[in-house]
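# Structural description and commentary
Single-letter residue listing:
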Amino acid sequence: MANNYRQIVKDGLWENNGVLCQMLGMCPTMAMTTSATNGLGMGLATAFVMATSNLLIAALRGFITQEVRIPVYILIIASMVTLVDLSINAYMHELYKVLGLFIPLIVSNCLPLGRAEVFASREPVLPSFLDGLFMGIGFTLSLTAIGACREIVGSGTLFADASLLLGHSFKFLETRVLPADTGILMAVLPPGGFLFTGLLLVGKRILDIRAGKPIVLAGAHSV
Amino acid sequence: MKSRTMIHAVVLGTFCLGFGIVLAGTDLLTNDEIKLRAVEDLQASLVQVIPPVIHDNNPAKDVITVKDEAGKDVTVYRATRGGKVTGIAYEIIGNGYAGEIHLILGVDAEGKILGVRATEHHETPGLGDKINPAKTDWILRFTGLSLGAPPVEKWKVKKDGGQFDQFSGATITPRGVVGAVRGGLQFFAAHKAQLLEIN
C-alpha cells in the first residue's frame, strides 16, 4: 500500500478491482446492472460517495478514536449518500426515477466502508481521495460492463436511455444491437446478474493467467 | 477508563452533530426543488390522461378527496372548462405479478375513459411491462371505453371470458390492470354527482 499514485490508479481500475477482485458491493452489482446505463449511473453515484467519504475520513482521522471509528465511518458515508440522494432528486430528477430506489443502498455497500477502514484511515488526504475515486471508477467500469452484457443479451439494446443519465448530447450512445423481441429475458432477470458477473470474473481470470500473474482466490485479495 | 469512554462519546456525538447540520442544510437547499419536481411529475402524468383541450384550469391544482367504498380517501384531480367539470383523473391500483401496479385513470364527465397510464409498477421486464405505452399500444386501447361499452361482464381479459387481450406469457399483469380500470369506472359511477359537483 505504497503512496504510489500510479499503483492506486492501477489497483482501483483493474488489479484490485472492487467487484472483480475484492468481490465487494455485490448487492448493487447484481441489482442495478439490468442495463449499461443503470450500471453506469449507480457506479458514478458510488464513486462520488467513495471519493468524498475517503477524503473526509482521511482529513478527520486525527479526531476519530479507534473505538468509535466504524460508526463514524458509517455516519460519514451515510451522510454523503443522503447528500447525493437529495441532490439527484432535486437536480437530476429523470435519473432519480431510475436510480432513486437504489441510492440509499450505497450505505450498505461494503466497498466504501472497506476503503475507509483499509485505506483512508491510514493514508494522507490526497492518496485517500484518489483511492476512493479510482476504486469508484473501477466499480463503475465493472457495473457498466456487466450491464452492457446483460442488456445486449436480454433486451438487444446498448445504453438505452443514456440521454436521461448523461444529457441529450449522448443520444448517440443509444444503440439497438439485436432486433426487437429477440432478447433472452433471463439475462435481465436476477439470475442473469449472477451468470454475467461470473462470466466477467472468468474473463478477468483468463487475462490474469495470460499475463502470468499469480492467481489469488476471488475475495482473498488484500483489500 | 471512565474519561476514555467520555472521549469516545464526545467524538461520536460531535460527528453526529456536524453531519446532522450538513444534512439539514442540504435538505433546506433541495426541499423546494424536490417539491417542484413532484408537482411536475404529477402534471406530466395528468397531461397524458386529460387532454389539454378540454380544460381551461390547472387540474393539478383543482383537487378534491372522495371516500371510496372501502373508506379510503381518493385524491381526484378535476379538469374544468367554463366552470363545468369536463374530466377527472385519479389513481387506481391493480394487483400485478410483482406487487401493486399504480395507474392514473382519466375519465370525462360521461364516464368515458380519456386515458390510462401506469405510473409505478415492478412487472417483469419484457413480459408485464408491455403496459408501458413506449413498448406496446395495449394500454391505449382503453381510451373511449366506458362501463356500458363493453358491458361490465366483458371487463376482463380474454382468458377470463372478457374482451381484453392478455400478453403471451403474462396474464396476471393485464388482469390486474383491467380489474383496476373496471373498479375505477365503478367508483366514478357510484360517486358521479359528488365528483362533478362544483362547490
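Report on the accompanying structure. Values in this document were obtained by computation on a predicted structure and should not be read as measured data. Residue positions within a chain follow its written sequence, with the count starting from 1. The lettering of chains begins at A and the numbering of ligands begins at 1, in the order of writing. Local features in this predicted model are restricted to residues whose pLDDT is 70 or higher, and side-chain atom pairs enter the listing and the counts only when it is 80 or higher, whereas totals over whole chains, interfaces and linings include all residues.

## Notes on the overall build of chain B
Only DSSP runs of H or I with at least four residues qualify as helices, and only runs of E with at least two residues qualify as strands; both kinds are numbered from the N terminus onward. Counting secondary structure elements, chain B contains three helices and five strands. From first element to last, N terminus to C terminus, chain B shows the α and β order α-β-β-β-β-β-α-α. Since a compact globule built from 199 residues should have a radius of gyration of about 16 Å, the 23 Å found for chain B marks it as more spread out than a globular shape. With the C-alpha coordinates aligned to their principal axes, the bounding extent of chain B is approximately 80 × 45 × 35 Å. When contacts within chain B are restricted to residue pairs at least 6 apart in sequence, long-range pairs at least 24 apart make up 47% of them. This radius of gyration counts C-alpha atoms alone. The globule rule is 2.2 Å times how many residues there are, raised to the power 0.38. Throughout, a pair of residues is in contact if the C-beta atoms placed from their backbones lie within 7 Å.

## Things to note about the nonpolar core
Counting 62 residues, the largest nonpolar core has Ala 45, Ala 47, Val 49, Ile 77 and Val 84 of chain A as its most contacted members. Of all the secondary structure elements, the ones that give two or more residues to this core are α3 (36-60), α4 (69-91), α5 (93-99), α6 (110-120), α7 (125-155) and α8 (162-166) of chain A. Per-element tally for this core: the top contributor is α3 of chain A, with 14 residues. Discounting chain neighbours no more than four positions away, the residues touching Val 84 of chain A are Ala 45, Phe 48, Val 49 and Ile 103 of chain A. In this usage, the nonpolar core is the set of buried Ala, Val, Leu, Ile, Met, Phe, Trp, Tyr and Cys residues whose C-beta atoms join them within 7 Å. Put simply, a residue is buried when 20 or more other C-beta atoms lie within 10 Å of its own C-beta and exposed when 12 or fewer do; between those, it is partly exposed, and each C-beta is set from the backbone. Counting 34 residues, the second-largest nonpolar core is a separate cluster that includes Val 49, Tyr 90, Ile 92 and Ile 113 of chain B.

## Brief notes about the interface of chain B and chain A
Listed by partner, the interface residues are 17 residues for chain B and 22 residues for chain A. Only Asp, Glu, Lys and Arg are considered charged, only Ala, Val, Leu, Ile, Met, Phe, Trp, Tyr, Cys and Pro nonpolar, and every remaining residue, Gly among them, polar. For the side of chain B that touches chain A, the class distribution of residues is ten nonpolar, four polar and three charged.

## Some words on the pairing of strand β2 (residues 73-81) of chain B
Consecutive side chains along a regular strand alternate between the two faces of the sheet. Residues and elements named next belong to chain B. A pair of strands is treated as paired once DSSP finds two or more bridges between them. Pairing between strand β1 (residues 63-67) and β2: five bridges, direction antiparallel. Looking at the pairing, Lys 67 lines up with Asp 73 of β2. The antiparallel hairpin formed by β1 and β2 contains five residues in its connecting segment, where Gly 71 sits at a positive phi of about 85 degrees. In sequence, β2 turns back onto strand β3 (residues 84-96) through a hairpin of two residues, with Gly 82 there showing a positive phi of about 60 degrees.

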